[in-house]
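Listed below are the residues making up each chain.
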Amino acid sequence: CRCCADSRRHSSILYNILRSEERAAPPAGPGPRPRRGLGQASRSCPCGSRRRVALRSPQVACKAASAVLVKTLRFVQNVPCFQELPLKEQLLLVRSCWAPLLLLGLAQDRVHLETVESAEPSMLQRILTTRRQGEQPPPRGPEPGRPHHGPHLPSTGEIQAIKGFLAKCWSLDISTKEYAYLKGTVLFNPDLPGLQCTQYIEGLQREAQQALNEHVRFIHRGDEARFAKLNVVLSLLRSINANVIAELFFRPIIGAVNMDDMLLEMLCAKL
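Now for a look at the structure at hand. Here the structure is a predicted model, which is why all the values come from computation and not from measurement.

## With respect to the packing of aromatic side chains
How two aromatic rings sit relative to each other is set out by the distance from centre to centre and by the angle between their planes.
Next, step 1: A complete count under the given rule lists zero aromatic pairs for this structure.
Next, step 2: Lys 183 extends its terminal NZ or CZ atom over the ring of Phe 75, reaching a point 5.2 Å from the ring centre.

Written as structure tokens, this is what we have:
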């Protein structure tokens, strides 16, 4: 069994992160803000959204995200309707929605992201690097607890999308029940290719949305637009790439991440 093989290989890299001591990098001092020269790009320049960004304290942020992921999968496993599905269907659902579920969990636990901008290499540096690629030894991995730099870093625009989502959730002051119904809506996605129990899963998603609507109408009677606002939260999730989440929270500490293997290991484990 692949599950057993994974568990014999070593305790999960995710659990190693959770057990490791927090080694937060010291926060950078405020420092003087650079002056804007006449030749520099204006604030509206689209280049700014493509600049690379790293976590200020990756060890702390990754540990928090890992704890939220464990908690999220524990929530999923405790949903009776999810347990009734075949294992193949469960894996398909979790592999497709782990990232939005993680973001909902980060919002619910009010995990704040502190990021720093990564220095972009100049055109001359890129040319020299390209010419001497065969002469240089392979690049070393990032030191634990320090921001890493490289082509895998998310862009400023991608980070702003994540922070915008978190800010939207916090501005709505979403309750525990509302988060649960939102997670149910995200989890039971009937549009995934390869699903066999499509109608059953579609019914579960419809029930989650109906329960959310009824809860909002009962608790927030004076706010007729709240249900629509909560659905805007779901639409914001669709614009965030799962690969960005993996690169942001897991690569800085454990390197290249195969989320499918990690999720399979966690689903087969007793969280």
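## Side note on the packing of helix α8 (residues 176-187) against helix α10 (residues 226-237)
Next, step 1: As a packed pair, α8 and α10 sit with axes 11 Å apart at the nearest point and diverge in direction by 50°. Our classification of the angle between α8 and α10 gives oblique. In this structure, α8 crosses over α10, and the sense of that crossing is right-handed. Touching Glu 178, Leu 182, Thr 185 and Val 186 of α8 are Arg 226, Leu 230, Leu 234 and Leu 237, all from α10.
Next, step 2: Each residue belonging to the contact of α8 with α10 can be placed in one class, and the counts come to five nonpolar, one polar and two charged.

## Description of the pattern of salt bridges
Next, step 1: Summed over all chains, the structure comprises four salt bridges.
Next, step 2: Of the charged contacts in the structure, one is a salt bridge between Asp 109 and Lys 71, with a shortest N-O distance of 2.8 Å. In this pair, Asp 109 sits in the loop between α5 (87-108) and β2 (115-117) while Lys 71 sits in helix α3 (residues 58-77), placing the two residues 38 residues apart along the sequence.
Next, step 3: Owing to a relative accessible area of 33%, Asp 109 belongs among the partly exposed residues under this scheme.
Next, step 4: Residues Asp 260 and Arg 95 are paired through a salt bridge, measuring 3.8 Å at the closest nitrogen-oxygen approach. Separated by 165 residues along the polypeptide, Asp 260 in helix α13 (residues 259-268) and Arg 95 in helix α5 bring together distant segments of the chain.
Next, step 5: Residue Arg 95 is classed as partly exposed on the basis of its relative accessible area, which comes to 31%.

## Some details on α5
Next, step 1: Under the 1.5 Å per step criterion, the end-to-end length of α5 is only 28 Å for 22 residues, more than 12% shorter than the ideal 32 Å.
Next, step 2: Considering bend angle alone, the principal kink of α5 is centred on Cys 97 and spans about 55°; proline Pro 100 follows within four residues of it.
Next, step 3: Taken across its 22 residues, α5 has 16 buried, putting it largely inside the fold.
Next, step 4: At the exit of α5 stands Arg 110, carrying a positive phi of roughly 55°.

## Focus: the nonpolar core
Looking at soluble globular proteins, one finds that nonpolar side chains tend to be buried together.
Next, step 1: If you look at the biggest cluster of nonpolar residues, it comprises 63 residues, and the most contacted ones within it are Trp 98 and Phe 165.
Next, step 2: For this core, the element with the highest residue contribution is α5, accounting for 12 residues.
Next, step 3: Discounting chain neighbours no more than four positions away, the residues touching Phe 165 are Leu 103, Leu 104, Ala 107, Val 233, Leu 236, Leu 237 and Ile 240.

## Digging into the packing of α5 against α8
Next, step 1: At their nearest, the axes of α5 and α8 sit 9 Å apart, and the two run at 160° to each other. The pairing of α5 with α8 is recorded here as roughly antiparallel in orientation. Crossing angle aside, the handedness with which α5 passes α8 is right-handed. Mapping the contact onto sequence places Leu 93, Cys 97, Pro 100, Leu 101, Leu 104, Gly 105, Ala 107 and Gln 108 in α5 and Thr 176, Tyr 179, Leu 182, Lys 183, Val 186 and Leu 187 in α8.
Next, step 2: Looking at the contact of α5 with α8, its residues break down into 10 nonpolar, three polar and one charged.

What counts and what doesn't
- Residues numbered from 1 in each chain as written.
- Predicted model: local features only at pLDDT ≥ 70, side-chain atom pairs only at ≥ 80, totals over all residues.
- Heavy atoms only, no water.
- Phe/Tyr/Trp six-rings, centres within 6.5 Å; stacked < 30°, edge-to-face > 60°.
- Lys NZ or Arg CZ within 6 Å of the ring centre and 35° of its normal.
- Axes fitted to C-alpha atoms, helices over the stretch in contact; angles between N-to-C directions.
- Helix = DSSP H or I, 4+ residues; strand = E, 2+ residues; numbered from the N terminus.
- Parallel < 35°, antiparallel > 145°, perpendicular 65-115°, else oblique.
- Left-handed = near helix turned anticlockwise from the far one by under 90°.
- Contact = heavy atoms within 4.5 Å.
- Nonpolar A, V, L, I, M, F, W, Y, C, P; charged D, E, K, R; others polar.
- Salt bridge = Lys/Arg side-chain N within 4 Å of Asp/Glu carboxyl O.
- Buried < 20%, exposed > 50% of the residue type's maximum accessible area, 1.4 Å probe, protein only.
- Expected span 1.5 Å × (residues − 1).
- Bend = angle between axes of the 7 residues up to and from the residue.
- Core = buried A, V, L, I, M, F, W, Y, C linked by side-chain atoms within 4.5 Å.

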